[in-house]
Amino acid sequence: MTVRQRFAWAAAVAVLLALLGFVATASRPDDAVPLAPSIGQTVACKQAMREQLRAAIESGAEGTRPPACAGLDDETLRRLAGEVMSEGITR
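Bear in mind that the values here come from a model prediction, so they are computed numbers and not experimental data.

Draft legend 1. Representation of the overall build of the protein chain within the structure. Looking only at helices and strands, the protein chain features 3 helices and 0 strands. Ordering the α and β elements of the protein chain from the N terminus gives α-α-α. For the protein chain, the residues scored as buried account for 30% of the 91 residues in total. In the protein chain, the proportion of contacts linking residues at least 24 apart, taken out of those at least 6 apart, comes to 81%.

What follows is the structure in structure tokens.
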């Protein structure tokens with residue numbers, strides 16, 4: 001792995017960690033019951049995360065919470081981010 005590739009992966013990890021940090025700081029009322037996200041929404045969110053990862057690796061661009069991920073609960077976002085990181089950008 002070249003230095004550039006290592007830097008790109010580090011940037012991608014930083015992007016996803018920033019996304020998770022943003023999610024962790026978001027608050028919702030304690031009595032709120034999260035609704036189960038739709039399969040289509042989770043697929044769209046995961047694809048958006050994958051595209052951000054690819055952009056971060058290629059250009060070092062920083063990402064934000066993708067609009068496709070709006071409304072997803074913290075647990076789902078963490079799971080999707082973990083899946084994207086474990087899969088890499090092979091898809």
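Draft legend 2. View of the nonpolar core. Judged by nonpolar contacts, Ala 12, Cys 45, Met 49, Leu 53, Ala 56, Ile 57, Cys 69, Leu 72, Leu 77, Leu 80, Ala 81 and Val 84 together constitute the single largest core of 12 residues. Of all elements in the fold, only α2 (39-59) and α3 (74-87) reach the threshold of two or more residues within this core. No other element matches α2, which puts 5 residues into this core.

Draft legend 3. Structural detail: the pattern of salt bridges. Tallying each qualifying case throughout the model produces 4 salt bridges. Between Glu 83 and Lys 46 there is a salt bridge, with its nearest N and O atoms 2.8 Å apart. Here Lys 46 lies in helix α2 and Glu 83 lies in helix α3, a separation of 37 residues in the sequence. Lys 46 is the salt-bridge partner of Glu 87, the closest N and O atoms lying 2.9 Å from each other. Remark: Lys 46 occurs in helix α2 and Glu 87 occurs in helix α3; sequence separation between them is 41 residues.

Draft legend 4. Broad picture of the packing of α2 against α3. Taken N-terminus to C-terminus, the directions of α2 and α3 make an angle of 50°; their axes are 10 Å apart at the nearest point. Relative to α3, α2 is oriented oblique. α3 is crossed by α2, and the crossing has right-handed handedness. For the pair α2 and α3, the contacting residues are Thr 42, Cys 45, Lys 46, Met 49, Arg 50 and Leu 53 in the first and Thr 76, Leu 77, Arg 79, Leu 80, Ala 81, Glu 83, Val 84, Met 85 and Glu 87 in the second.

Draft legend 5. Molecular detail of the side chain of Lys 46. Look at Lys 46 and you get buried, because its relative accessible area is 14%. Aside from chain neighbours lying at most four places away, what touches Lys 46 is Leu 80, Glu 83, Val 84 and Glu 87.

Draft legend 6. Inspection of α3 at higher detail. Taking 1.5 Å as the rise per residue, α3 with 14 residues should run 20 Å; its terminal C-alpha atoms sit 20 Å apart, in good agreement. The complete set of buried residues in α3 reads Thr 76, Leu 77, Leu 80, Ala 81 and Val 84. Buried residues of α3 fall within an arc of 130° about the axis and therefore sit on the same side. Residues of α3 that are exposed and point more than 90 degrees away from the buried face comprise Glu 75 and Ser 86. The distance from a side-chain oxygen at the start of α3 to the backbone nitrogen of Glu 75 is 3.3 Å, and the residue carrying that oxygen is Asp 73. Downstream of α3 by one or two residues, Gly 88 has phi in the positive range, about 70°.

Here is what the cut-offs are and how they apply
- Residues numbered from 1 in each chain as written.
- Predicted model: local features only at pLDDT ≥ 70, side-chain atom pairs only at ≥ 80, totals over all residues.
- Heavy atoms only, no water.
- Helix = DSSP H or I, 4+ residues; strand = E, 2+ residues; numbered from the N terminus.
- Buried < 20%, exposed > 50% of the residue type's maximum accessible area, 1.4 Å probe, protein only.
- Contact = heavy atoms within 4.5 Å.
- Core = buried A, V, L, I, M, F, W, Y, C linked by side-chain atoms within 4.5 Å.
- Salt bridge = Lys/Arg side-chain N within 4 Å of Asp/Glu carboxyl O.
- Axes fitted to C-alpha atoms, helices over the stretch in contact; angles between N-to-C directions.
- Parallel < 35°, antiparallel > 145°, perpendicular 65-115°, else oblique.
- Left-handed = near helix turned anticlockwise from the far one by under 90°.
- Expected span 1.5 Å × (residues − 1).
- Arc of directions from axis to C-beta.
- Polar contact = N/O pair within 3.5 Å; in protein donor to acceptor, adjacent residues only side chain to side chain.

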